[in-house]
Each structure stands twice: as structure tokens, then as C-alpha cells.
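# Residue-level structural notes
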Amino acid sequence: MDWALAARTAGRLMQPGPTVTRAEARRIVDLLRVDAATAEGHVREVTGLGHGLPLLPADVVDRPAWASAATSGMAELTSGAKLPAVPATARKFTATTAGLQAGAVLSYLGSRVLGQYDPYGGADKQGKLLLVAPNVVAAQQALDVSLEDFALWVCLHEATHRLQFTAVPWLREYFSGEVTAFLSAAESTASGILERLPGMISSARQTRDTMGLIELLQGPEQRAILDRLLALTTLLEGHADHVMDAVGPSVVPSVATIRSRFTARRRGGGLLDRLLRALLGVEAKVRQYAVGAAFTKAVVAEVGMAGFNTVWTSPDTLPTRAELDDPGQWLRRVPS
């Protein structure tokens, strides 16, 4: 993958975002920087995680800068993979093609991503929280909600992600190890794709589940790793969604209105937008939020947040995909 080409392509294809005055832009940037640190303080109170860690600001960026940072983080995350040997000429061609394709995808996502915690970004590769100011403003305007409330609400979600990786010592290495193992297993599964082709065609006719089709492309080893990765990302996203609402109206007065309108916006869009979201797996991502949040809510209701935090003990205490759909299974398996 030519990640630099991907970043340049995304930057060229992206629209600049909503127009605001220089003074307003400066105010929004300052607001988001302060909110990122403030939000993590609230997240720590709700989750009981991270006490004693420094409260850090975020990098507030525009769309092209987000794409550049995202490609840098993905390059770092995937750098350990052992991929099949490819002749130099073919490797250059595929790297260029993949870079152009990734850039096109990033240009689409780059107008929608509100923020991101990249555990592998930053100058020291130890993590970086990004807030995409044009997208925060565009979403706030579309939802017609308070900018101050919405900015803090977004920061609560991203600060939760940062805390997940900074307060859980083994999580960063575990996640990168699973991604490396998944990519490195590609060589052993490539020969089986033709055998799975009839099933893929049949499934494509019956479902719009992008992740289901992706899973059919994998052999047994990759599928098992993908299962663990999907379970983990569902937990991370759902936990963050639960926490950003659990902070409550004393911190974000219009939280109920924001959540209601934001959820409706996630489901909305025109036909082309919905098609692109399905093809790129965005719809599957939205389902992850719902499943993970429901799991978190059910476990917290049963054993409290301290009991829920048992999930961060080790990879063995993470829920499986089946347990995410049935929290009772996890509660019976993992003593809190």
C-alpha cells in the first residue's frame, strides 16, 4: 500500500467543509482543545479508569490533515504484517492502485469522521487524539444543536477511546498483534477463495451485510482472528457510546436531544450515501455501536461499572461476538 499516495489522493478529493469566519474557526479550535481534556476527566469519573494519568489536549485538524494522520497510523499498525512475496514491478503497481483506492475511500470518510483516537499515531507512535473541526461544525449545524454541548459530547466519545488504550496496558499491543496476525494469514487462505466463491455469490444475492461477505472471503484462521477483532471493536465503540451518554445532562444539558437526532442522522442519507455506507462497511459499524452499547448497559446494570471493568483484565476476559449478543453468557463466564 502506498500510504502517502492515499493521503494525497484523499486531500485532493475532499471538499473543504462549512465556511466560518476566521474568528469563529479560532473559537471552535480552542473549544475542542479544551473539551478534549475536560471530557476525559468526566469519562474517568464514570468509568473509574485512568486516575493519575495526565489529562491531554487533542490535535484539532481539517479534513486533509485527518487523512494524513489516519494513513500514518494505519501504516504503523500494519507494518509488522508478513505479506506474500510479489515481484517488484507488480508490487509497485498494486501499491499504487491500492493507494488510489484507499485515498478515494478516505475522501468519503473524511467528510464524516468527527474524531478519532489513533493508538499508533503521533510523533512517538504512542497515540494521538484527533478532532476534525469542519466535520464537528457540519454535524452540529445539520443537527441544529448547541455547539458547546455537541463539541463536548463528541469529545466524550473520543476521550473514552483514548482512555481505553492508555488505562488498559495490554490493549494496544494485543490489537496490533491481532491485526498483524490477520494480515499475515492472507497467504495461507488465498488458495481457498475459489472454493468459497459459490457461497459468496449465493450470500451476496441474499444479504446486504458487508461484514458477512468479508468473512466469507477468509479461511478458517483469518476468520477466527476477524471474529476476535470484530468483538473487540464492537466492545470499544459500544462502551464509548454508553459512556458519552452516561456522563449525563449535568455536563451536556442537551444530551438526550443530541443522541436522538444523531441516531436518526446515522440512519439517514440519500440512496447513494446509503449504498456507499453499505459497501464501505459503515452500516456494519453503526450496528457495532448499538450492539456494544447494549452489552455495556446490560452488564453495568447487573454488576455496576466496577464489575464491567473486569472486561479489561486480559484478552481472555473480553466478550466473544456471541456474548456481545447475550451479555448473560459473559456474566456467567467471567466472575466480576
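Just so we're clear, the structure is a prediction, and the values are computed from it rather than from any experiment.

Along its length, the protein chain carries 16 helices and 3 strands. When each of the 336 residues of the protein chain is scored for burial, the buried share is 47%. When contacts within the protein chain are restricted to residue pairs at least 6 apart in sequence, those whose partners lie at least 24 apart make up 74%. Looking at the protein chain as shown, the accessible area adds up to about 16,500 Å², and 59% of this sits on carbon and sulfur atoms.

Tracing the sequence through the fold places Arg 321 in helix 15 (residues 321-325). For Arg 321, a relative accessible area of 29% translates into the label partly exposed. Separated by 29 residues in the primary sequence, Arg 321 and Gly 292 have C-alpha atoms spaced 9.8 Å apart.

Now for the sheet that holds strand 1 (residues 59-61). Taken in spatial order, the 3 strands of this open sheet run 1-3-2, and their pairing is mixed. Only two strands of the sheet have a single partner each, and these edge strands are strand 1 and strand 2 (115-118). Ignoring strand direction, the axes of neighbouring strands in this sheet form an average angle of 25°. As paired strands, strand 2 and strand 3 (residues 128-132) are joined by 4 bridges and run antiparallel to one another. Bridge pairing in strand 3 links Asp 118 to Lys 128. Against the sheet, helix 5 (residues 133-143) engages strand 1 and strand 3, with an angle of about 45° to strand 3.

Attention shifts here to the nonpolar core. In this structure, Leu 32, Leu 131, Phe 150, Trp 153, Phe 175, Phe 308 and Trp 312 are the most contacted members of the largest nonpolar core, which totals 65 residues. Sorting the residues of this core by element identifies helix 2 (22-47), strand 3, helix 5, helix 6 (147-167), helix 7 (171-184), helix 11 (220-246), helix 12 (255-267) and helix 14 (282-308) as the ones contributing at least two each. If near-sequence neighbours (up to four positions away) are discounted, Phe 175 is found in contact with Leu 77, Tyr 120, Phe 165, Leu 229, Leu 232 and Thr 233. Core analysis: the next-biggest nonpolar cluster, separate from the first, contains 11 residues, Ala 10, Trp 66, Ala 67 and Ala 69 among them.

Okay, the packing of helix 1 (residues 3-13) against helix 3 (residues 63-78) next. To characterise two packed helices, one gives the angle between the axes of the helices and the distance between these axes. In contact at an axis separation of 9 Å, helix 1 and helix 3 are set at 160° when each is read in the N-to-C sense. The angle between the axes of helix 1 and helix 3 places the two elements in the roughly antiparallel class. Once helix 1 is placed against helix 3, the crossing between them reads as right-handed. Facing helix 1, whose interface residues are Trp 3, Ala 6, Ala 7, Ala 10 and Gly 11, helix 3 presents Pro 64, Ala 67, Ser 68, Thr 71, Met 74, Ala 75 and Thr 78. Class assignment of the residues belonging to the contact of helix 1 with helix 3 gives a composition of 8 nonpolar, 4 polar and no charged.

Before going further, it helps to examine unusual backbone geometry. Backbone geometry follows two general trends: most residues other than glycine have a negative phi, and most peptide bonds adopt the trans configuration. In this model, Asp 144 sits at a positive phi of 55°, which is unusual for a non-glycine residue. Looking at the element boundaries, Asp 144 is found in the loop between helix 5 and helix 6.

With that settled, the discussion passes to the pattern of salt bridges. Should their charged atoms come close, side chains of opposite charge can pair. Going through the model one piece at a time under the given rule, you end up with 10 salt bridges. Between Lys 128 and Asp 59 there is a salt bridge, and its shortest N-O distance comes to 3.5 Å. Here Asp 59 lies in strand 1 and Lys 128 lies in strand 3, a separation of 69 residues in the sequence. What makes Lys 128 partly exposed here is its relative accessible area of 26%. Measuring nitrogen to oxygen at the nearest pair gives 2.5 Å for the salt bridge that ties Arg 228 to Glu 178. You can see Arg 228 sitting in helix 11 and its partner Glu 178 sitting in helix 7, a full 50 residues away along the chain. You can call Arg 228 partly exposed: its relative accessible area is 38%.

Across the interface, helix 6 lies against helix 11 with an axial gap of 8 Å and an inter-helix angle of 130°. By the angle class used here, helix 6 and helix 11 are oblique. The two elements helix 6 and helix 11 cross, and the hand of that crossing is right-handed. Judged by residue contacts, Trp 153, Leu 156, His 157, Thr 160, His 161, Gln 164 and Phe 165 of helix 6 engage Leu 236, Glu 237, His 239, Ala 240, Asp 241, Val 243, Met 244 and Asp 245 from helix 11. Residue composition of the contact of helix 6 with helix 11, by class: 7 nonpolar, 5 polar and 3 charged.

Of the residues in the protein chain, 83% have a pLDDT of 70 or more, and the chain-wide mean is 84. Within the protein chain, the lowest mean pLDDT, 48, falls on helix 9 (residues 193-206), and the highest, 96, falls on helix 16 (residues 327-333). Note that residues 200-207 has pLDDT below 50 and, in this model, 7 contacts with residues that lie over four places away or in other chains.

What counts as what
Residues numbered from 1 in each chain as written. Predicted model: local features only at pLDDT ≥ 70, side-chain atom pairs only at ≥ 80, totals over all residues. Heavy atoms only, no water. Helix = DSSP H or I, 4+ residues; strand = E, 2+ residues; numbered from the N terminus. Buried < 20%, exposed > 50% of the residue type's maximum accessible area, 1.4 Å probe, protein only. Contact = heavy atoms within 4.5 Å. Areas by Shrake-Rupley, 256 points an atom, 1.4 Å probe, with all protein chains shown as cover. Pairing = 2+ DSSP bridges. Axes fitted to C-alpha atoms, helices over the stretch in contact; angles between N-to-C directions. Core = buried A, V, L, I, M, F, W, Y, C linked by side-chain atoms within 4.5 Å. Parallel < 35°, antiparallel > 145°, perpendicular 65-115°, else oblique. Left-handed = near helix turned anticlockwise from the far one by under 90°. Nonpolar A, V, L, I, M, F, W, Y, C, P; charged D, E, K, R; others polar. Salt bridge = Lys/Arg side-chain N within 4 Å of Asp/Glu carboxyl O. pLDDT = per-residue confidence, 0-100.

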